[in-house]
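Each chain is listed here by its residues.
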Amino acid sequence: MPTRLLIRNADVVVTMDEARQEIAGGDVLVENGKIVAVGQGLPRDGAEIIEAGGCVVTPGLVNTHHHLFQTLTRAVPAAQDAALFGWLRTLYPIWSRMGPEDIRLSAQVGLAELALSGCTCSSDHLYLFPNGSRLDDSIEAASDIGIRFTATRGAMSIGESKGGLPPDALVEDEPAILRDSERVVDAFHDAGEGAMVQVALAPCSPFSVSRELMRDAAVLAREKGVRLHTHLAENDEDIRYSLDNFGMLPGDYAESLGWTGDDVWHAHCVKLSDPEIDLFARSGTGVAHCPCSNARLASGIAPVRAMRDRGVPVGLGVDGSASNDCSHLGLEARQAMLVARLRDGPAAMGAREALEIATRGGARVLGRSDIGALAPGMQADLVLWDINELPAAGQWDPVAALVFCAPVRPKAVYVQGRAVVADHRLLTADPQDLRARAQKAVARLAG
């Protein structure tokens, strides 16, 4: 890997810095995996040259919510037209047949797809561990593909026999959950600048774990200095469950257990009330907005305009590949813009705001101050988007075209200054091999 890299003469460099600068004919100079300068006509000084003419350069996209294990259960016929709870009940038995190799393969496929969509950092919420599977399996997959990874140690502990949603065979003993949570934090979490792997604690949802586990996980996370993540207020069923079982709305339930604060982010939040939005804004609690999944499951449209206006940190999440059913952050940004307009009018969200949520916003939600913008001192996670291809033909605004005309393909993707995608090709894995192995696994899981 070259120690110095000069990305030169981009049509536009979209910095997402504090001033939201856009630099026509811009350059980005990288040294030892970090950005040292952004501007025009930067000196070569012995750097390897990457010509970026015909490209828009942006920070790498950040995915704040995913279930990578679901990549092997896309478009399952019986789950295609179900709402959340029925969808889960259909898929639980299939997921229970997975093993460690399936977890690793599904993560490799999903992360490869994300990289090819311009994603340089992804969270993953793995909350079931059938047949000896471990969080380690998905962490190894992230290392294989070469993008930054926030691995969240999920869990389910309340099965059907105790009034929960998941089958008893997929739940774990709560003391064992906490022991393994501590193990993976100690083994894998890197709190330092430029970390490639971080760990968060993530009991699955209020309808699959106990109050005690939610509270204990929050205590353990703060002892260890890691973040907290779960699903919250995803649809009307979710709200009813919270009211029936806890006597309060999901946001209030979260607050009662220590699950608000700037070290917490919740997925979906489609049904947050105005007081709950204010609570999240006051506490700095983040939201992973998953518009494609929310539309797929008919959960609703999250009140993102209200969240953003009041200061709630918002990032994008593609959610599981069984409820999206793809891992393409460019399409997610477009969907976020479109559904915001559907809910709140044509000026509710512009392309640049959607792109900001997908980059700088996602970095904030994951607690990362070292990614999400192109500025001196930031990690060299960046994307060269090819606007010379047919999907962007006829555009008048190349930056807006990245969202309005999505999908625009990345020509190159860099993580920590290392090329993961070059000339539209994934360098770290063979997509055809991944596809063939995935279909073989699907045949076995379907049998």
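What you see is a predicted model; the values in this text were computed from it and never measured.

Here is what the cut-offs are and how they apply
Numbering of residues starts from 1 in each chain and follows the order in which that chain's sequence is written. It should be noted that, the model being predicted, local features are given only for residues of pLDDT at least 70 and side-chain atom pairs only at 80 or more, the latter also being counted only at that level, while totals for whole chains, interfaces and linings use all residues. The basis for the side-chain values is all heavy atoms of the structure; hydrogens and waters are excluded. Of the two site types, the cavity is a set of points on a 1 Å grid over the protein atoms alone where a 1.4 Å probe fits but cannot get out, and the pocket is an open set with protein on both sides within 12 Å along at least five of seven lines, each lined by residues with an atom within 4 Å of a point. Grid points are joined across faces, edges and corners, and a volume is the space filled by probe spheres set on the points. Here a strand is any run of E in DSSP of at least two residues, a helix any run of H or I of at least four, and the numbering for each starts at the N terminus. Any residue outside Ala, Val, Leu, Ile, Met, Phe, Trp, Tyr, Cys, Pro, Asp, Glu, Lys and Arg is labelled polar, Gly included; the first ten of those are nonpolar and the last four are charged. With a 1.4 Å probe rolled over the protein chains alone, any residue whose accessible area is under 20% of its type maximum counts as buried; one over 50% counts as exposed, and the rest are partly exposed. By definition in these notes, contact holds between two residues if any of their heavy atoms fall within 4.5 Å. Think of a polar contact as two N or O atoms within 3.5 Å of one another; within protein, one of them needs to be a possible hydrogen donor and the other a possible acceptor, and neighboring residues in sequence only count if both atoms come from side chains. When DSSP finds at least two bridges between two strands, those strands are taken to pair. Throughout this description, the term salt bridge denotes a Lys or Arg side-chain nitrogen within 4 Å of a carboxyl oxygen of Asp or Glu. UniProt positions are given in the numbering used here, feature names are shortened, and annotations may be inferred rather than shown by experiment. Note on terminology: pairs of cysteine sulfur atoms within 2.5 Å are recorded as disulfides. Take the buried Ala, Val, Leu, Ile, Met, Phe, Trp, Tyr and Cys residues and link them wherever side-chain atoms come within 4.5 Å; each set so joined is a nonpolar core. Geometry of aromatic contacts follows a simple scheme: Phe, Tyr and Trp rings, the Trp one being its six-membered ring, pair when their centres are within 6.5 Å, and the pair is stacked under 30 degrees between planes, edge-to-face over 60, tilted otherwise.

A. Looking closely at empty space enclosed by the protein. This model, assessed by the stated rule, comprises four cavities of 30 Å³ or more. By volume, the largest cavity amounts to about 130 Å³. What lines the largest cavity is a set of 17 residues, and nearest its centre among them are His 67, Leu 84, Leu 88, His 231 and Glu 234. The element contributing the most residues to the lining of the largest cavity is helix H1 (residues 84-95), with four residues. For the lining of the largest cavity, a count of residues per class yields eight nonpolar, seven polar and two charged. Taken together, Leu 61, His 328, Leu 329, Gly 330, Ala 333, Leu 355, Trp 385, Leu 402, Val 403, Ala 406 and Val 408 form the lining of the second largest cavity. Breaking the lining of the second largest cavity down by element, the ones donating at least two residues are helix H11 (329-344) and helix H13 (398-404). It is H11 that provides the largest number of residues to the lining of the second largest cavity, a total of three residues. A per-class count over the lining of the second largest cavity returns nine nonpolar, two polar and no charged.

B. Geometry of helix H3 (residues 135-145). With eight of 11 residues buried, H3 lies mostly within the body of the structure. Buried-residue contacts for H3 involve helix H2 (100-116), strand E7 (119-126), strand E8 (148-155), helix H4 (174-188), strand E9 (197-203) and strand E16 (418-422). Phi turns positive, to about 95°, at Gly 146, one or two residues after H3.

C. How the structure looks around unusual backbone geometry. The linkage connecting Asn 324 with the following residue, Asp 325, adopts the cis geometry, with an omega of 5°. Residue position: Asp 325 is located in the loop between strand E13 (314-316) and H11. Here Ala 406 and Pro 407 are connected by a cis peptide whose omega angle stands at 10°. With respect to the helices and strands, the residue Pro 407 is situated in the loop between H13 and strand E15 (410-415).

D. Examining the side chain of Asn 294 more closely. The residue Asn 294 is located in helix H9 (residues 291-296) in this model. Setting aside chain neighbours within four positions, we find Asn 294 in contact with His 268, Val 270, His 289, Ser 299 and Gly 300.

E. Geometry of the environment of Val 304. Tracing the backbone shows Val 304 in helix H10 (residues 304-310). In this structure the C-alpha to C-alpha distance between Val 304 and His 424, which are 120 residues apart in sequence, comes to 32 Å. Aside from chain neighbours lying at most four places away, what touches Val 304 is His 289, Val 314 and Met 349.

F. How the structure looks around the side chain of Ser 323. You can see Ser 323 is positioned in the loop between E13 and H11. For Ser 323, a relative accessible area of 1% translates into the label buried. In this structure the side chain of Ser 323 is engaged in a polar contact, spanning 3.2 Å, whose partner is the side chain of Asp 319. Setting aside chain neighbours within four positions, we find Ser 323 in contact with Gln 70, Trp 87, Cys 292, Ser 293, Arg 296 and Leu 297.

G. Region of the structure containing the pairing of strand E10 (residues 227-232). Most of E10 sits out of view: six of its six residues are buried. Along E10, one buried face is formed by Arg 227, His 229 and His 231 and the opposite face, lined by Leu 228, Thr 230 and Leu 232, is buried too. In the sheet, E9 pairs with E10 via two bridges, with the strands oriented parallel. Paired with Leu 201 across the strands is Leu 228, a residue of E10. Pairing of E10 with strand E11 (residues 264-268) involves five bridges; the strand directions are parallel. Residue Leu 232 lies in a different strand from E11, and its bridge partner there is His 268.

H. Summary view of the pattern of salt bridges. With the rule as written, the count across this model stands at 33 salt bridges. The salt bridge involving Glu 356 is made with Arg 20; its shortest N-O contact spans 3.2 Å. Of this pair, Glu 356 sits in helix H12 (residues 351-365) while Arg 20 sits in the loop between strand E1 (4-14) and strand E2 (22-31), placing them 336 residues apart in sequence. Here Arg 153 ties to Glu 172 by a salt bridge, and the two come within 2.9 Å at their closest N and O atoms. Of this pair, Arg 153 sits in strand E8 while Glu 172 is found in the loop between E8 and H4, placing the two residues 19 residues apart along the sequence.

I. Region of the structure containing the UniProt feature "domain: Amidohydrolase-related" (unreviewed entry) in the protein chain. Listed under "domain: Amidohydrolase-related" (unreviewed entry) in the UniProt record, and renumbered for this structure, are residues 56-420. Between the C-alpha atoms that bound residues 56-420 there is a distance of 17 Å. The span itself is 41% helix and 17% strand.

J. Looking closely at the state of the cysteines. Under the counting rule described, the total for this entry stands at zero disulfides. Cys 204 takes part in no disulfide bond, and the closest cysteine sulfur, belonging to Cys 290, lies 13 Å away. Between Cys 290, a cysteine without a disulfide, and Cys 269, which holds the nearest cysteine sulfur, the sulfur-to-sulfur distance is 9.2 Å. Take Cys 290: its relative accessible area is 0%, and that puts it in the buried class.

K. Summary view of the nonpolar core. Ranked by internal contacts, the top residues of the largest apolar core, which has 139 residues, are Val 57, Trp 87, Trp 95 and Leu 384. Discounting residues that sit within four places of it in the chain, Val 57 has contacts with Ile 7, Ala 10, Val 12, Val 13, Val 14, Val 28, Ala 52, Leu 374, Leu 382, Val 383 and Leu 384. Among the nonpolar cores identified, the runner-up in size contains 10 residues, and Val 62, Ala 267, Ala 288 and Ala 363 belong to it.

L. The packing of aromatic side chains, seen in detail. Per the counting criterion, the structure on display carries eight aromatic pairs. Considering the side-chain rings of Trp 87 and Trp 95, the 5.8 Å spacing of their centres and the 75° angle between planes classify their relative orientation as edge-to-face. Considered together, Trp 87 and Trp 95 belong to a single accessibility category, that of buried residues. Through a chain of ring-to-ring contacts, three or more aromatic side chains come together here, namely Phe 69, Trp 87, Tyr 92, Trp 95 and Tyr 127.

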